[in-house]
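Structural description and commentary
Now for the letters of each chain:
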Amino acid sequence: MKRKISDEALLRRRARSTAYYATHKEEIARWRKPYAAAYYAAHKEETTLRNKTRYAANKEKISAYAARPESRERRRQLQVLAHYGLTTAEYQSLFTKQGGVCAICELPETAQTKYGHIRNLHVDHDHETGVVRGLLCSKCNTAIGLLKDDASIIQKALDYVKTHEDAYVETT
């Protein structure tokens, strides 16, 4: 039986791992990529066959597990915790503070997963500092990402849209 790890324990583990990686980054990079690439190249067919066989033998079980709401929710909690350091309570607090809507367009999320479930709002963060800024819908999160999180580019896009609000181009 697998033992569930508390959010606090995961945070401690992540902090240790992050600290180790930060101090040994170059050393790890020197051996990780070449080794992984070489291993995969040497064992590509074997690895692909093993993964396909495992999936085919357990397809129903895997699909049923993946579709379970509690499995999806726990995966999401662990992902948010690992990537942004947000506990479930902190995410819920931010979600409630924003009224359950996107911080930019102020609309609820409408994008769906491949199983037809409505996606959670994305955690928006500063890529340089890691500071969480808010929760965004898929469209706004994608838009900000495509504009490289750069305030000057975003401002230029806004100016462009405002300048051309009433204009239209006649086509022949």
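Quantities reported herein were computed from a predicted structural model and do not represent experimental measurements. (Residues numbered from 1 in each chain as written. Predicted model: local features only at pLDDT ≥ 70, side-chain atom pairs only at ≥ 80, totals over all residues. Heavy atoms only, no water.)

1. Things to note about the overall build of the protein chain
Selection rule: Secondary structure elements are taken from DSSP: a helix is a run of H or I of four residues or more, a strand is a run of E of two residues or more, and numbering for both begins at the N terminus. The classification of residues rests on relative accessible area computed with a 1.4 Å probe and restricted to protein chains. Under 20% of the type maximum is buried, over 50% is exposed, and intermediate values are partly exposed. We call two residues in contact when some of their heavy atoms are within 4.5 Å. The method behind every accessible area is Shrake-Rupley, applied with a 1.4 Å probe, and residues are considered shielded solely by the protein chains displayed.
The helix and strand tally for the protein chain stands at 8 helices and 2 strands. Walking the protein chain from its N terminus toward its C terminus, one meets helices and strands in the order α-α-α-α-α-α-β-β-α-α. Taken along its principal axes, the extent of the C-alpha atoms in the protein chain is 60 × 40 × 40 Å. Scored against the burial criterion, the 172 residues of the protein chain give a buried share of 18%. A fraction of 47% describes how many contacts in the protein chain between residues 6 or more apart in sequence connect residues 24 or more apart. Carbon and sulfur atoms form 57% of the exposed surface of the protein chain, whose accessible area is close to 13,900 Å².

2. As for the environment of Gln-112
Structurally, the position occupied by Gln-112 is in the loop between α6 (88–97) and β1 (122–125). Separated by 76 residues in the primary sequence, Gln-112 and Ala-36 place their C-alpha atoms 33 Å from one another. Residue contacts for Gln-112: discarding those within four places in its chain leaves His-117, Ile-118 and Arg-119.

3. Focus on the side chain of Arg-76
The following threshold applies: As used throughout, the charge tally considers Lys and Arg to be positive and Asp and Glu to be negative, leaving His and the chain termini uncounted. Each salt bridge in this description consists of a side-chain nitrogen of Lys or Arg and a carboxyl oxygen of Asp or Glu lying within 4 Å of one another. Polar contacts, as counted here, are pairs of nitrogen or oxygen atoms within 3.5 Å of one another; within protein the pair requires one atom able to donate a hydrogen and one able to accept it, and residues that are adjacent in sequence qualify only if both atoms are side-chain atoms.
Its place among the elements puts Arg-76 in helix α5 (residues 69–84). At 6.8 Å, Glu-73 is the nearest oppositely charged side chain to Arg-76, a buried residue that forms no salt bridge. At 3.0 Å, the side chain of Arg-76 forms a polar contact with the backbone oxygen of Leu-121. If we skip the residues at most four places from it in the chain, Arg-76 touches Tyr-91, Asn-120, Leu-121, His-122 and Val-123.

4. Some points on unusual backbone geometry
Even without being glycine, Lys-148 reaches a positive phi, approximately 60°. Here the phi dihedral of Asp-149 falls at roughly 55°; this positive angle occurs in a residue that is not glycine. Along the chain, Asp-149 turns up in the loop between α7 (138–146) and α8 (151–163).

5. Notes on the pattern of salt bridges
Pairing is possible between side chains of opposite charge, provided their charged atoms come close. Evaluation of the coordinates by the stated rule reveals 4 salt bridges. In this structure, the salt-bridge partner of Arg-68 is Glu-70, at a minimum N-O distance of 2.8 Å. Glu-70 gets classed as partly exposed once you look at its relative accessible area, which sits at 47%. Linking Asp-149 and Arg-133 is a salt bridge whose minimum nitrogen-to-oxygen distance equals 3.3 Å. Of this pair, Asp-149 sits in the loop between α7 and α8 while Arg-133 sits in strand β2 (residues 132–136), placing them 16 residues apart in sequence. Exposure remark for Arg-133: the relative accessible area of 43% places this residue in the partly exposed category. The network of salt bridges with shared partners includes Asp-124, Arg-133 and Asp-149.

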